[in-house]
Amino acid sequence: MDTMKQALGLTGNDRMEVMIDIKDRFLGGTLDLETARTLLKEKIGTCTPDEFAYGEQQLKGSYTDEEITHRMDDLLELFDGILIRANNEYPEHHPLTVYLNEINAMEQQLTEMEALLQAPHFILNPWLGVYDALTTWRTHLARKQNQLYPVLERYGFDRPTKIMWTFDDAVRDAISESKQLLESGKESEFLAKQADVIDIIRDLNNKEKEVLIPTAWKLLQDSDFITMSQGDHEIGFAFITPPPFYKGRPDAEPKNLGEASTNVGHVTTQHNHADVENHENTQLGGTGNPTALLQELAQLVGKYGINGSPEQTHDLAVGALTIEQIKLIFKFLPVDITFVDENDLVRFYNDTKHRIFPRSSNIIGRIVQNCHPKKSLPLVQEIIDSFKAGRQDYAEMWINKPDLFIHIEYIAVRNEQGQFKGILEMVQDCTHIRSLSGSRKELIWEGANSAYHAVDHIDYKHVRQEDSTTNSTEQGTAPESTPQPIVQDNVSQSTVYENDLGLTGDTKLFPLFDVIPGLKDHMIHINPNFKMLNSPLAKLMKHKATLSMVAERGEMSLDVLIQSILAFKHKNQ
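Note that the structure is predicted; figures quoted are calculated from it, not measured.

J.: Just to check I follow, could you spell out the pattern of salt bridges for this structure?
T.: Summed over the entire model, instances satisfying the criterion amount to 19 salt bridges. Residue Arg414 pairs with Asp393 through a salt bridge whose shortest N-O separation is 2.8 Å. Taken together, the positions of Arg414 in strand β8 (residues 404-414) and Asp393 in the loop between α16 (377-389) and β7 (394-401) put the pair 21 residues apart, joining distant regions of the chain. Residue Asp393 is classed as partly exposed on the basis of its relative accessible area of 41%. Note that Lys569 and Asp500 form a salt bridge whose closest N and O atoms lie 2.9 Å from each other. You can see Lys569 sitting in helix α22 (residues 558-571) and its partner Asp500 sitting in the loop between α18 (460-474) and α19 (510-515), a full 69 residues away along the chain. A residue is classified by how much of its surface remains accessible, and Lys569, at 12% relative accessible area, is buried. Each of Glu102, Arg143 and Asp232 takes part in a single network of salt bridges with overlapping partners.

What follows is the structure, encoded as structure tokens:
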């Protein structure tokens, strides 16, 4: 808490104690709304977003997260006319700028919804278009949950991970439920729900703009936002064109956070109670002797060959591998793996090309309980407690939907002495596997339809380009440019195929799959980025994806995309 207070510049601010006392008495029922508001105006006058956020965090010990969630609208009403709006100007491509751009784009969707509600007749297609767009909003929410919330926690501000996540879930569920009503033809029920959907989305957006984003701007370091930008691009964006990486402000100065904050690489971390109780994990040998520390570091470097030859192998339980081989195995493994250690800290996930659930590097070192919405916590905690106590060693779950089957496994990790060392989570898209029948005992190359569809036809030159970009990021510098994917079709540059289908940038992609047999499977040969068209997430794009959008996603020119499609059509006629 001191770290948060210091970073916000609120140390020695007696107004905070007065404000917190009034809020406490209001929530406790000893002050009514008008009396409490009058006292706030007399005692503190106005309140900035970061002061409001700090006051909310200070009530953590007095009220449960659920109580604050239910009373949040009351608190905002209490501060009506007192909470002043921040007039911050955020740099171009800054993660907070991106959040605001997405919120503005969402507001356009809400305005369109309001217009449709005023229309004299219900027409299905415009609503389907709106909800195809709204479905992508979960990407905005996922970035907040996996990127912004974890960094705020490191500065002692963990209320958003409990309270804001509840609001996020309410928005996501409202969109999902409305879409189901729409697609099942329940017109009256759907229309009756839309005013509430608009209100709940707009309300959450206002909370982000008026409290969360201004507080993050004042609380976090510029280096945090540089790191955040990298993870943002891993997860993706809603409504907007992916922006360039944020590279930082030349005039940015580190905030003085005292001795509680350290920098590991380019990621800022905080020493919490788990670090103190397990000091042997954070301080080599538990000694304060600098010479001894350097000696131990040298021994580790020598043992693991960190600065040695890339060809140096390391003994495993069976066999030996180089560091590069270990990284590649995890990278190409067609299963999502996440490891949580015995202290409930997320330590690792494999950065695969087919990731099912979003992840970003900001979850590393984070308490796993804070990586889940409140409604999931009892289940998560039950698994952790049962594994730690030795009552259970394995749990499985699955998601079964039309054309999608996701299998999830949780495995207790124990050493040879039976001591609990953590939990391994494995997630696999088994949709293709479940569709198999009979036997196959011969080799048949099937391209994008193979069981290894998650990583098939990856261009290895492109992978190496991505690795070099990642390395530059790990050193704290953003890449100068995004590597261009390799167009794999051997289309002669001098051959121009007749555009007998009249393809333009506005042509929808998915209807072409019916017109040109085999085109869907062939798209990955045109551009490796198009492997997503064979993933379960492709259905989110079905009604909206135009050739212009697809070309932009593939980072290729529209003309090249159209000519590649026409070339495939003419060669297979």
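Back to the text.
J.: Is there a simple way to think about the packing of aromatic side chains in this case?
T.: Within a pair of aromatic rings, the relevant descriptors are the distance that separates the centres and the angle that separates the planes. Counted by the stated rule, this structure contains eight aromatic pairs. Seen from their ring centres, Tyr131 and Phe190 are 5.5 Å apart, and the 70 degrees between their planes marks the pair as edge-to-face. Here Phe190 lies in helix α10 (residues 187-219) and Tyr131 lies in helix α7 (residues 124-134), a separation of 59 residues in the sequence. Here Tyr131 falls in the buried class, since its relative accessible area comes to 1%. With a relative accessible area of 0%, Phe190 lands in the buried category.

J.: I keep staring at helix α8 (residues 137-153) and nothing clicks. Help me out?
T.: Residues lying three or four places apart along an α-helix face the same way, a consequence of the helix completing one turn every 3.6 residues. Taking 1.5 Å as the rise per residue, α8 with 17 residues should run 24 Å; its terminal C-alpha atoms sit 23 Å apart, in good agreement. At Lys144, α8 shows its strongest bend, of approximately 35 degrees. Taken across its 17 residues, α8 has 16 buried, putting it largely inside the fold.

So, how was this worked out
Residues numbered from 1 in each chain as written. Predicted model: local features only at pLDDT ≥ 70, side-chain atom pairs only at ≥ 80, totals over all residues. Heavy atoms only, no water. Salt bridge = Lys/Arg side-chain N within 4 Å of Asp/Glu carboxyl O. Helix = DSSP H or I, 4+ residues; strand = E, 2+ residues; numbered from the N terminus. Buried < 20%, exposed > 50% of the residue type's maximum accessible area, 1.4 Å probe, protein only. Phe/Tyr/Trp six-rings, centres within 6.5 Å; stacked < 30°, edge-to-face > 60°. Expected span 1.5 Å × (residues − 1). Bend = angle between axes of the 7 residues up to and from the residue.

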